[in-house]
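# Coordinates in review
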Amino acid sequence: MNPVSLLESFFTRKAEFDIFPAGFDDCHDLSLLHAERFYQGWGDGEFHSLMSQSTVFGYTARPNNGISGLGGFVLAREAAGEAEILTVAVSNKYPRQGLGWRLMLAALRETRDRGAESMFLEVDDGNVAALNLYRKLGFRKVAERKGYYAAGEGQKSTALVMRLDLR
Ligand SMILES: CC(C)(COP(=O)(O)OP(=O)(O)OC[C@H]1O[C@@H](n2cnc3c(N)ncnc32)[C@H](O)[C@@H]1OP(=O)(O)O)[C@@H](O)C(=O)NCCC(=O)NCCS
């Protein structure tokens, strides 16, 4: 490849990602991405305190081609045979490239390894991307909480509680 093509490929090549267990060193990147994707961001300290709990675990997706930053992450909690997804987010830069899917699978695998029988999560009923992702993974609605999320200008939206059996 000539030097010009090499340089072009550096700037245009697609980021590929590896999935890693999340650690304390990730807390700052997690809070930046959380603030990018959610109305109410969580700070570094909140992530640090969550990750200090032995019941909490997570995964990050990081580009493996030299591009810095985080592609996405998931945090989950498992206790007494039940687990929940605390949060999952993929950067606006990498939508619909399978990162949410891969992160959720990593969390589900660990949840099963920890001996949990079911996984729960809550999702805004208007969040089409997340709902489709969860349904594709096999989650099914088990409850509804009307007026649960603040949806701007005094509006409230409905939270769906979803469950996946792991056994
Ligand atoms: C929800 C989210 C994590 C999905 O991440 P992603 O990496 O873009 O999703 P994936 O590429 O893994 O997609 C997996 C499946 O989810 C569904 N999906 C993802 N994005 C979608 C979209 N924009 N519209 C409709 N369905 C979508 C599809 O079923 C998709 O499968 P397909 O591409 O084979 O059709 C991401 O959109 C996000 O971070 N949203 C903001 C934060 C958030 O809402 N988190 C969930 C809170 S409960």
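Residues numbered from 1 in each chain as written. Predicted model: local features only at pLDDT ≥ 70, side-chain atom pairs only at ≥ 80, totals over all residues. Heavy atoms only, no water.

With that out of the way, let us pick up the site of the ligand. If you check the shell around the ligand, you find 21 residues, and the closest are Val-90, Gly-98, Gly-100, Asn-127 and Lys-136. One of the backbone N or O atoms of Gln-97 is found 3.2 Å from an oxygen atom in the ligand. Elements with a contribution of two residues or more to the shell around the ligand: β4 (82–90), α4 (99–113), β5 (118–124) and α5 (128–137). Here the shell around the ligand gets six residues from one element, more than from any other, and that element is α5. Taken together, the residues of the shell around the ligand break down into twelve nonpolar, five polar and four charged. (Near = heavy atom within 4 Å. Polar contact = N/O pair within 3.5 Å; in protein donor to acceptor, adjacent residues only side chain to side chain. Helix = DSSP H or I, 4+ residues; strand = E, 2+ residues; numbered from the N terminus. Nonpolar A, V, L, I, M, F, W, Y, C, P; charged D, E, K, R; others polar.)

It is worth spelling out the packing of helix α2 (residues 27–37) against helix α3 (residues 44–51) at this point. It is the contact of α2 with α3, at a shortest axis distance of 8 Å, that shows an interaxial angle of 120 degrees. Considering their axes alone, α2 and α3 lie oblique with respect to each other. Along this stretch, α2 crosses α3, giving a crossing that reads as right-handed. Contacts between α2 and α3 pair Cys-27, His-28, Leu-30, Ser-31 and His-34 from the former with Asp-44, Phe-47, His-48 and Met-51 from the latter. Taken together, the residues of the contact of α2 with α3 break down into four nonpolar, four polar and one charged. (Axes fitted to C-alpha atoms, helices over the stretch in contact; angles between N-to-C directions. Parallel < 35°, antiparallel > 145°, perpendicular 65-115°, else oblique. Left-handed = near helix turned anticlockwise from the far one by under 90°. Contact = heavy atoms within 4.5 Å.)

A separate point is the environment of Phe-139. As for its position among the elements, Phe-139 is in the loop between α5 and β6 (140–150). In the structure, Phe-139 is positioned 17 residues away from Glu-122 in sequence and 11 Å away in space, judged by C-alpha atoms. Apart from residues no more than four positions distant in its own chain, Phe-139 is found in contact with Met-104, Leu-108, Met-119, Leu-121, Tyr-134, Met-162, Arg-163 and Leu-164.

Taken across its eight residues, strand β2 (residues 56–63) has seven buried, putting it largely inside the fold. Relative to β2, strand β1 (residues 17–21) runs antiparallel, the two being bridged by five bridges. Paired with Ile-19 across the two strands is Ala-61, which belongs to β2. The sheet contact formed by β2 and strand β3 (residues 72–79) spans six bridges and is antiparallel. Within β3, the residue paired with Val-56 across the bridge is Arg-77. (Buried < 20%, exposed > 50% of the residue type's maximum accessible area, 1.4 Å probe, protein only. Pairing = 2+ DSSP bridges.)

The sheet built from seven strands is open, its strands ordered β1-β2-β3-β4-β5-β7-β6 with mixed pairing. The open sheet has two edge strands with one neighbour each: β1 and β6. Sheet twist, expressed as the mean angle between neighbouring strand axes with direction ignored, is 25 degrees. Sheet topology note: the β5/strand β7 (residues 156–165) ladder contains seven bridges and is antiparallel.

This part takes up the side chain of Glu-78. Mapped onto the elements, Glu-78 comes out in strand β3. Although buried, Glu-78 forms no salt bridge, and the nearest oppositely charged side chain, Arg-114, lies 4.7 Å from it. Within the structure, Glu-78 has its side chain in polar contact with the backbone nitrogen of Gly-81 (distance 3.2 Å). Those residues in contact with Glu-78, other than ones at most four positions away along the chain, are Thr-55, Phe-57, Ala-83, Arg-114 and Ala-116. (Lys, Arg positive; Asp, Glu negative; His and termini not counted. Salt bridge = Lys/Arg side-chain N within 4 Å of Asp/Glu carboxyl O.)

Let's shift gears to the nonpolar core. Counting residues in hydrophobic clusters, the biggest one holds 32 residues, and the most contacted among them are Ile-85, Met-104, Tyr-134 and Phe-139. For this core, the elements supplying multiple residues, two or more each, are β2, β3, β4, α4, β5, α5 and β7. Counting residues in each nonpolar core, the second largest holds twelve residues, with Leu-50, Met-51, Phe-73 and Ala-89 among its members. (Core = buried A, V, L, I, M, F, W, Y, C linked by side-chain atoms within 4.5 Å.)

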